[in-house]
Amino acid sequence: MDRAKVRGPYAKTAARRADIIRAARDSFVEHGHAAASLRDIAKRAGISHAAVLHHFRNKDELLTAVLAQRDDEEWEFAFTEARARAGAAARSEDGGEGEGDGDGAGDDPASPVRYLAKILLGHQKTPELMRLWAELSAAASRPDHPAHAYFFDRYERVRLHATQAMRERAAQGRLREGLDPDSAAALLQAVLHGLQSQWLLNKELDIIEPLNRFFDLILVPADEQRSTDGS
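Numbering of residues starts from 1 in each chain and follows the order in which that chain's sequence is written. The predicted nature of this model means local features are confined to residues of pLDDT at least 70 and side-chain atom pairs, given and counted, to a pLDDT of 80 or more, with totals for whole chains, interfaces and linings taken over all residues. Working from all heavy atoms in the structure, the side-chain values ignore hydrogens and water.

Student: Tell me about the nonpolar core, and name the residues and values.
Tutor: Working definition of a nonpolar core: buried Ala, Val, Leu, Ile, Met, Phe, Trp, Tyr and Cys residues. They are joined through side-chain atoms within 4.5 Å. Throughout this description, buried means an accessible area under 20% of the type-specific maximum (1.4 Å probe, protein chains only), exposed means over 50%, and partly exposed covers the range between. Counting 27 residues, the largest nonpolar core has Ile20, Phe28, Ile41, Val52, Leu62, Leu67 and Phe151 as its most contacted members. Residue assignment for this core shows that the elements contributing at least two residues are helix H1 (3-31), helix H2 (38-45), helix H3 (49-55), helix H4 (59-93), helix H6 (127-139) and helix H7 (148-171). By definition in these notes, contact holds between two residues if any of their heavy atoms fall within 4.5 Å. Excluding anything up to four places from it in sequence, Phe151 contacts Leu67, Trp133, Leu136, Ser137 and Ala140. Within the second largest apolar cluster, 24 residues are counted, among which are Leu195, Leu200, Ile208 and Phe215. Note on conventions: DSSP H or I runs of at least 4 residues are helices, E runs of at least 2 residues are strands, and numbering of each starts at the N terminus.

Okay, structure coming up:
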């Protein structure tokens with residue numbers, strides 16, 4: 001049997017699901033999750049209401065798909081940035097122009113601070129989606145909310161990654177004395193969430209400079225780092 005013919009229906013199904021998720025994302029942004037309807041989503045996708053239900057059992061399942069897609073986009077961006085940081089570090093070790101993992105507010109385009117700044121700037125390009133995210137994350141604090149499990153798992157995953165990163169900084173003597181990695185990770189999450197919430201209220205607010213200053217407060221500059229072996 002021709003394998004291309006076997007793959008055809010699956011490819012069409014994936015494309016149709018992508019169209020529905022895109023339509024749902026637009027509908028949720030415009031109307032909010034509660035007010036958005038499957039019929040409006042179907043109309044935006046150019047298909048029938050029944051066709052939407054063929055791919056997604058209900059609106060809650062669609063919400064989960066929309067949130068997961070946003071995560072996929074950011075994880076893909078994260079992997080790209082991680083490769084860039086690794087390349088910059090390698091160039092630095094070889095005596096090239098890369099500045100490595102400086103973590104500061106300097107000019108290194110591949111530093112983690114620059115990566116987070118790019119994420120925030122990317123969110124600012126879609127303020128309605130940012131607002132939807134902020135509203136959902138608050139509403140999902142209720143255990144009976146359809147996105148409760150998603151947000152709980154996501155915050156735990158991000159917290160674990162941030163804590164590991166802070167532990168690595170502490171091992172390098174880069175974390176400020178008296179600040180433990182768990183607290184530093186929790187503070188980082190609070191700062192990122194708070195800055196975006198403030199920006200939604202006042203779009204003239206610069207949220208990148210406060211982010212840089214936050215890292216200045218919790219991290220020791222690389223050229224001043226403390227020895228972790230007591231020497």
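Student: Could you give an account of the pattern of salt bridges, naming the residues involved and the relevant values?
Tutor: Whenever Lys or Arg places a side-chain nitrogen within 4 Å of a carboxyl oxygen from Asp or Glu, that contact is recorded as a salt bridge. Following the criterion strictly, the structure yields 12 salt bridges and no others. Glu30 serves as the salt-bridge partner of Arg44, at 2.5 Å between the closest nitrogen and oxygen. With Arg44 in helix H2 and Glu30 in helix H1, this residue pair connects regions lying 14 residues apart in the sequence. Judged by relative accessible area, Glu30 falls into the exposed class, the value being 54%. Across the pair Arg157 and Asp71 runs a salt bridge whose closest N-O atoms are separated by 3.2 Å. With a gap of 86 residues between them, Arg157 in helix H7 and Asp71 in helix H4 connect regions that are remote in the sequence.

Any functional reading would require information beyond the geometric quantities listed.
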